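So the chains spell out like this:
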Amino acid sequence: MKPRITLFFMVLLVLTQTELHQVLKLPVLIVHFQEHRALNKDISLLDFFIDHYVDQIILDNDDQRDSQLPFKTTHCVNTTIVALSEPVQLDLRPREASIEREFNIHQPDFPRAGALHHVFQPPRFT
């Protein structure tokens, strides 16, 4: 009996918390395609999908029927309640990093002694 109850609640959770319940609307899709096929024998399944899912929504006389198609609207409410036995404390303060070494980018012998006799020399202030 427990596996059946577990399966029932799992199916209930999947159908209410995901968009999988849209799959249950597939018979509406088939019937609506047959209705369009009765009106126009030349319409293909690809043309039907393009008209109803890809192209811009056109409000016509079967708009109410079009809104019943699967994956046409989303009415999924994703609320999940998690019950924990003990409250969890989260420390979200940024950690302070301390600098242990200092780095000096200037060399003690800058400019080098021989640099004044080279072709490329640093600018001189006079």
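The rules behind the values
Residues numbered from 1 in each chain as written. Predicted model: local features only at pLDDT ≥ 70, side-chain atom pairs only at ≥ 80, totals over all residues. Heavy atoms only, no water. Helix = DSSP H or I, 4+ residues; strand = E, 2+ residues; numbered from the N terminus. Buried < 20%, exposed > 50% of the residue type's maximum accessible area, 1.4 Å probe, protein only. Contact = heavy atoms within 4.5 Å. Areas by Shrake-Rupley, 256 points an atom, 1.4 Å probe, with all protein chains shown as cover. Axes fitted to C-alpha atoms, helices over the stretch in contact; angles between N-to-C directions. Parallel < 35°, antiparallel > 145°, perpendicular 65-115°, else oblique. Core = buried A, V, L, I, M, F, W, Y, C linked by side-chain atoms within 4.5 Å.

J.: Before we move on, could you go through the overall build of the protein and cite the residues and values that matter?
T.: Per the secondary structure count, the protein includes four helices and zero strands. What you see in the protein, going N to C, is helices and strands ordered as α-α-α-α. Taken across its 126 residues, the protein has 10% of its residues classed as buried. The long-range share in the protein, meaning contacts at least 24 apart out of those at least 6 apart in sequence, stands at 57%. Accessible surface for the protein amounts to roughly 12500 Å². Of this, 62% is attributable to carbon and sulfur atoms.

J.: So what's going on with the packing of helix α2 (residues 26-39) against helix α3 (residues 45-54)? Residues and values would help.
T.: In the contact formed by α2 and α3, the axes pass within 11 Å of each other and the chain directions differ by 105°. It follows from the interaxial angle that α2 and α3 lie roughly perpendicular. Taking contact as the criterion, the partners of Leu 29, His 32, Phe 33 and His 36 in α2 are, on α3, Leu 45, Phe 48, Phe 49, His 52 and Tyr 53.

J.: Please set out the side chain of Asp 66 residue by residue, giving values where relevant.
T.: Here Asp 66 is to be found in helix α4 (residues 63-66). If we ignore the near neighbours within four places in the chain, the residues touching Asp 66 are His 32, His 52, Asp 60 and Lys 72.

J.: Residue-level account of the nonpolar core, with values.
T.: Membership of the largest hydrophobic core is limited to five residues, which are Leu 29, Phe 33, Ile 43, Phe 48 and Leu 69. Beyond its immediate chain neighbours, meaning those up to four positions away, Leu 29 contacts Phe 48, Phe 49, Tyr 53, Leu 69 and Pro 70.

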